[in-house]
Every structure is written in C-alpha cells, then in structure tokens.
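An overview of the molecular structure
So the chains spell out like this:
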Amino acid sequence: MELPAGIRVGVDIPADAATFTLTEHPAEDRRVVTVDSVERALDELTERCRTWPQAAAVCDDVLRSLDPAGPTRTGLITESLAYSTLQSGPEFGRWLAERGPATVPLLPEPVQAHREGNTLHVRFNRPQRHNAFSTDARGALLEALEVARLDPSVDEVVLGGNGRSFCSGGDLAEFGSFADPASAHLARTRHSPALVLDEITERLGRRCRAELHGQVLGSGLEMACYCGWVSCHPDATIGLPELALGLIPGAGGTVSITRRIGRWRTAYLVLSGRTIDAATALGWGLIDEIGESISR
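Every chain's residues receive numbers from 1 upward, in the order its sequence appears when written. In keeping with the model being predicted, local features are shown solely for residues with a pLDDT of at least 70 and side-chain atom pairs are shown and tallied solely at 80 or more, while totals for entire chains, interfaces and linings include all residues. The side-chain quantities take in all heavy atoms of the structure and omit both hydrogens and water.

Going by the annotation in an unreviewed UniProt entry, the name recorded for the chain is Enoyl-CoA hydratase/isomerase family protein, with Mycolicibacterium septicum given as the source organism.

Here you go:
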C-alpha cells in the first residue's frame, strides 16, 4: 500500500529494509516489534501516516541517516534541521491552529540541584505540569549540569523529577513561540542538554544516572537516554508522542534512543504514538533496571 510522501505499508519486506517489522510472537530481534494484533496495528499505523505523512517520512529519513556509532553532535544537527523543517510545515501549523493561543506558566525554580559529597542531584521541578520541559527549565538544567561538566570532583550525577512524573516532554503551551525555525535550530544545537549529558556520561559512565517514574515522554525520555544508567519505577509510562504535533523527536532522541534500541523500534515509538511500560522498555534495552525505590 502506497501512502503520501512515499511511505509503504506491506508484508514480507526484508527486516533490514523495513522501517520496522510487526509480529504477534515474542521477538528479541530489535528490528521487530511484538503487538497484540498485526492487522489492527497496521490499520492504526496506516491512519497515522495518512494524517501526518510529512512528519512520518522525515522521521524515517532521519533515523536511516543516523550512524549510532558516530558523533553525537552530528546526529543532533541532522535531527534539529529536520525538526525545524517540520516546524515550518503544514502539519505542525495545523496542530498549532487546533491548539489555539496558549500561555506558558512561569513557575519558580524549574530545576533543583544540590550536592551531597561528590554526587550532584539534579531534579526537574515543575510538578504541577508533570515536569513538562520549557525554555526556562532548559536554561536551569544547563546551569546545573555545568557544575558536573566543569568540576572533576563531581564523580556522580543523578537526574530525577519531583512529583508524579520524571518529565512529560516539552511544554505544549510553549510550542510555536519560536521567532523562526532557523533561530529555533540554533537554540537547540547551541544550548543542548543532550550534548552536556553525553559529555558527562563519557566521563562518568554508569555514574551518570537517570531515575524515571510516572510520565516519561518526548524530550524527557530523550535526555534520560543519554545517561550511562537508566533506572525506572514500574509505574512509568514511556513514549514519543511528537508525531501527533506534526514533528519528530527534537531533544536528541533520534540519537540517544536509537543507540539503545535501534532505529526500528525508535521508529515504531514515533510512528505508532504508543506508550510502553517499564517491563517492555527493559526487554528492549531502553532502560537498564526496574526499581521500586526511586525517589519522587
């Protein structure tokens, strides 16, 4: 079946060539996603690709162009340029029109940081909005992480979230507030928590940790996956909802998530819009452990 933007839905496509493969049986192959009903999943995917054909096609393009073993910055630039292209496209414009005007609430201290010995604890602190990520939160997160980046005596970083969720993704009230797509691209790539977390993980390895719970969506998941070790409470709801805005992941997720689970399952999360639980995330390698003791 041929869809707009050259997207094809079919059967018996070689796994390496396919965007991903669906099955109703357990599968360890990370090119394959297990679903309850292949027929129902294909119907849902077909409808979503018809609704957001440009974002779906760009997502596939970006994921196929990525070298998971390549430099993080290169991948982020590719992702951000694609994201900016979609920001100026009709699918995102349609979402903005349907959403209507919105105001981002200014909440004090959007990120909290404190040091215990050589451990730096950094926590998202907008619990009223499930720690939705905003421009002021990005600035505060970068400021907090700069301590670990510049101070070699910090030998452990723990990233978490206050309240019911780790981070529910970008604050939707702020979407569309950029001056223009080019300026948004420069802001994403010149002031990127993903790059800083990647640098810290390069130095600390598993001692740069993320502790996930509640809603772990969009940019929250994307940033967490740059950490060297990801723990997750069993209650977590994990996903990449950006396609429904006419966009793709824009906080580095095409790099960080693909490195953990491959381009096929990353594409499934984006194109299906489905969330997964902690047990599935662990089986895929998206997280490293499930723990009940994660603090909130």
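That shown, we press on.
1. Some details on unusual backbone geometry
Phi is positive for Glu109, close to 50°, though the residue is something other than glycine. Unlike most non-glycine residues, His130 shows phi in positive territory, near 50°. Note on placement: His130 falls in the loop between strand 4 (119–124) and helix 5 (135–150). For the purposes of this entry, the term helix denotes a DSSP run of H or I that reaches at least four residues, the term strand denotes a run of E that reaches at least two, and both are numbered from the N terminus.

2. Notes on the pattern of salt bridges
Opposite charge on two side chains permits pairing when their charged atoms draw close. Counted as salt bridges are all cases of a side-chain nitrogen of Lys or Arg within 4 Å of a carboxyl oxygen of Asp or Glu. All chains considered together, the criterion is met by 15 salt bridges. Put simply, Arg207 and Asp155 hold a salt bridge, and the shortest N to O gap is 3.5 Å. Of this pair, Arg207 sits in the loop between helix 7 (193–204) and strand 6 (208–212) while Asp155 sits in the loop between helix 5 and strand 5 (156–161), and the two are 52 residues apart along the sequence. Salt bridges sharing partners connect three or more residues here, namely Asp155, Glu156, Arg207, Arg209 and Glu211.

3. Topic: the packing of aromatic side chains
Note on aromatic pairs: each is described by the distance of the centres and the angle between the planes. Whether two aromatic rings pair depends on their centres lying within 6.5 Å, for rings of Phe, Tyr and Trp, where Trp uses its six-membered ring; planes under 30 degrees apart make the pair stacked, over 60 edge-to-face, and the rest tilted. Overall, the coordinates contain 5 aromatic pairs when judged by the stated rule. With a centroid separation of 6.0 Å and 15° between ring planes, the pair formed by Phe92 and Trp95 is classed as stacked. Highlighted residues: Phe92 and Trp95, both in helix 4 (residues 90–99), separated by 3 residues, approximately one helical turn. Of the two residues examined, Phe92 and Trp95, each falls in the buried class. Between the aromatic rings of Trp95 and Phe175, the centroid separation amounts to 6.1 Å while the plane-to-plane angle is 65°, which identifies the pairing as edge-to-face. Here the residue Trp95 occupies a position in helix 4, and Phe175 occupies one in the loop between strand 5 and helix 6 (181–190), the gap between them amounting to 80 residues. Each residue's exposure class comes from its accessible area (1.4 Å probe, protein chains only) as a fraction of the maximum for that residue type: buried when under 20%, exposed when over 50%, partly exposed otherwise.

4. Comments concerning the packing of helix 5 against helix 7
Running from N to C, helix 5 and helix 7 cross one another at 20°; their axes reach a closest spacing of 10 Å. Put simply, helix 5 runs roughly parallel to helix 7. Here the hand of the crossing between helix 5 and helix 7 comes out left-handed. Contacts between helix 5 and helix 7 involve Arg138, Leu141, Leu142, Leu145, Ala148 and Arg149 from the first element and Pro193, Val196, Leu197, Glu199, Ile200 and Arg203 from the second. Put simply, Ala, Val, Leu, Ile, Met, Phe, Trp, Tyr, Cys and Pro go in the nonpolar bin, Asp, Glu, Lys and Arg in the charged bin, and everything else, Gly too, in the polar bin. Of the residues that constitute the contact of helix 5 with helix 7, the class distribution is 8 nonpolar, no polar and 4 charged. Every axis in this analysis is a line fitted to C-alpha atoms, fitted for helices over the stretch in contact. Angles between the N-to-C directions lie between 0 and 180 degrees. The scheme is simple: roughly parallel for angles under 35 degrees, roughly antiparallel for over 145, roughly perpendicular for 65 to 115, oblique for anything else. Should the near helix be turned anticlockwise from the far one by less than a right angle, the crossing is termed left-handed; should it be turned clockwise, right-handed. The contact rule is simple, with two residues in contact once any of their heavy atoms fall within 4.5 Å.

5. Considering the sheet that holds strand 4
If DSSP finds at least two bridges between two strands, the strands pair. Read across the sheet, 6 strands follow the order 3-4-5-6-8-10 without closing on themselves; strand pairing throughout is mixed. A strand with exactly one partner marks an edge of an open sheet, and here the two such strands are strand 3 (111–116) and strand 10 (289–290). Both strand 5 and strand 6 contribute to a ladder of 3 bridges, which runs parallel. Its bridge partner lying in strand 6, Leu159 is registered against Ala210. Sheet contacts for helix 5: strand 3, strand 4 and strand 5; angle to strand 4, the most-contacted strand, approximately 175°.

6. Digging into the pairing of strand 3
Two strands pair when backbone bridges link them, and strand 3 and strand 4 are joined in this way by 6 bridges, in the antiparallel orientation. Among the inter-strand pairings, His114 is bridged to a residue of strand 4, identified as His121. Linking strand 3 to strand 4, which pair antiparallel, is a turn of 2 residues; within it Gly117 sits at a positive phi near 65°.

7. With respect to the nonpolar core
One recurring pattern in soluble globular proteins: nonpolar side chains tend to sit buried together. Phe124, Leu141, Val157, Leu212, Ile238 and Leu286 are the most contacted members of the largest nonpolar core, which has 79 residues in total. Counting residues per element, this core draws most heavily on helix 9 (residues 253–272), at 9 residues. Contacts of Val157, omitting those with residues within four sequence positions, involve Leu120, Leu145, Ala148, Ile200, Leu204, Arg207, Cys208 and Arg209. The term nonpolar core refers to a set of buried residues drawn from Ala, Val, Leu, Ile, Met, Phe, Trp, Tyr and Cys, joined through side-chain atoms within 4.5 Å.

8. Some thoughts on the side chain of Glu91
Tracing the backbone shows Glu91 in helix 4. Here Glu91 sits buried without a salt bridge, and the closest side chain of opposite charge, Arg94, lies 5.7 Å off (N-O distance). Not counting chain neighbours up to four residues away, the residues in contact with Glu91 comprise Thr51, Trp52, Pro53, Gln54, Ala55, Leu245 and Gly246. We score Asp and Glu as negative and Lys and Arg as positive, and we do not count His or the chain ends.

9. Comments concerning a negative patch on the surface
Without a salt bridge and with relative accessible area above 30%, a residue can belong to a patch; like charges are then joined within 9 Å and nonpolar side chains (Val, Leu, Ile, Met, Phe, Trp, Tyr) within 5 Å. Areas reported as accessible are Shrake-Rupley estimates using a 1.4 Å probe. Residue values count occlusion only from the protein chains shown. Taken as the charge centre is NZ of Lys, CZ of Arg, CG of Asp or CD of Glu, depending on the residue. Where like charges cluster on the molecular surface, the negative patch consists of Glu24, Asp36, Glu39 and Asp43. Along the polypeptide, Asp43 turns up in helix 1 (residues 38–51). The class for Asp43 is exposed, based on a relative accessible area of 51%.

10. With respect to the state of the cysteines
Two cysteine sulfurs form a disulfide in these notes if their separation is within 2.5 Å. Applying the stated criterion to the full structure yields 0 disulfides. With no disulfide partner, Cys225 has as its closest neighbouring cysteine sulfur the one in Cys227, 8.5 Å distant. Classification of Cys227 as buried rests on a relative accessible area of 3%.

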